[in-house]
Amino acid sequence: MIEMHATIPEGINFSDLQLSRDAEDGAVVFAMEPIEAICEASGLDIEEIVDGPEPTICVLIAAWYEIHLQRGGEPDPVQEDFLEETRLELERGFGFTYPPGHA
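Residues numbered from 1 in each chain as written. Predicted model: local features only at pLDDT ≥ 70, side-chain atom pairs only at ≥ 80, totals over all residues. Heavy atoms only, no water.

S.K.: Describe the overall build of the chain, naming the residues involved and giving the relevant values.
M.R.: The number of helices and strands found in the chain is 4 helices and 2 strands. Going from N to C terminus, the chain has its helices and strands arranged as β-β-α-α-α-α. In the chain, which comprises 103 residues, the proportion classed as buried is 26%. Considering only intrachain contacts with a sequence separation of at least 6, the fraction spanning at least 24 residues in the chain is 48%. With an accessible surface of roughly 6900 Å², the chain has 52% of that area assigned to carbon and sulfur atoms. (Helix = DSSP H or I, 4+ residues; strand = E, 2+ residues; numbered from the N terminus. Buried < 20%, exposed > 50% of the residue type's maximum accessible area, 1.4 Å probe, protein only. Contact = heavy atoms within 4.5 Å. Areas by Shrake-Rupley, 256 points an atom, 1.4 Å probe, with all protein chains shown as cover.)

S.K.: So what's going on with the packing of helix H3 (residues 57–70) against helix H4 (residues 77–92)? Which residues, and what values?
M.R.: At a minimum axis separation of 12 Å, H3 and H4 run at an interaxial angle of 120°. Like other packed secondary-structure pairs, H3 and H4 cross with a definite hand, here left-handed. On the side of H3, the interface is formed by Cys 58, Ile 61, Ala 62, Tyr 65 and Leu 69, while H4 contributes Gln 79, Glu 80, Phe 82 and Leu 83. Here the residues of the contact of H3 with H4 are counted per class, giving 7 nonpolar, 1 polar and 1 charged. (Axes fitted to C-alpha atoms, helices over the stretch in contact; angles between N-to-C directions. Left-handed = near helix turned anticlockwise from the far one by under 90°. Nonpolar A, V, L, I, M, F, W, Y, C, P; charged D, E, K, R; others polar.)

S.K.: So, the packing of aromatic side chains: which residues are in play, and what are the values?
M.R.: Under the criterion given, the structure shown has 2 aromatic pairs. Pairing Phe 14 with Trp 64 gives two aromatic rings, centres 5.3 Å apart and planes at 75°, and the pair type is edge-to-face. Here Trp 64 lies in helix H3 and Phe 14 lies in the segment before strand E1 (20–21), a separation of 50 residues in the sequence. Ring centres 4.9 Å apart and planes at 45° place the aromatic pair Phe 14 and Tyr 65 in the tilted group. (Phe/Tyr/Trp six-rings, centres within 6.5 Å; stacked < 30°, edge-to-face > 60°.)

S.K.: Can you break down helix H1 (residues 33–42) residue by residue, with the values?
M.R.: Of the residues making up H1, those classed as buried are Pro 34, Ile 35, Ile 38 and Cys 39. Buried positions in H1, seen along its axis, are confined to an arc of 135° and lie on one side of it. Relative to its buried face, H1 has exposed residues pointing more than 90 degrees away, namely Glu 33 and Glu 40. Buried positions along H1 lie against helix H2 (46–51) and H3. The first or second residue beyond H1 is Gly 43, which carries a positive phi of 70°. (Arc of directions from axis to C-beta.)

S.K.: Please provide a residue-by-residue account of the packing of H1 against H3, values included.
M.R.: Each pair of packed helices can be described by the angle between their axes along with the distance between the axes. Remark: H1 packs on H3, axes separated minimally by 12 Å, with the N-to-C direction vectors making an angle of 90°. Taken together, the axes of H1 and H3 are roughly perpendicular relative to one another. Only Ile 57, Leu 60, Ile 61 and Trp 64 of H3 make contact with H1, whose side of the interface consists of Pro 34, Ile 35 and Ile 38. (Parallel < 35°, antiparallel > 145°, perpendicular 65-115°, else oblique.)

Just distances and angles here, no functional claims.
Next up, the structure:
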């Protein structure tokens, strides 16, 4: 299990990620500025988080989203779609993906 301690700086909101899906391949696309601010506030190496041998950017975003919802934040349709896709892959096995917006 990956354990990470991160600080979300004051004024940084989950919606600042501006999550979307690439129309070509369905990859999740997001703004890097909020991630950079979190890494700086937390003393985390952004290169390791995003491009390291075991990138943890998805873990960071998922944990942040969970806290966002617990604090009464609005559901994000892109993150919800991604979480459902992940749930289905775990439930039914890996090796397939859905077109964007069709999980």
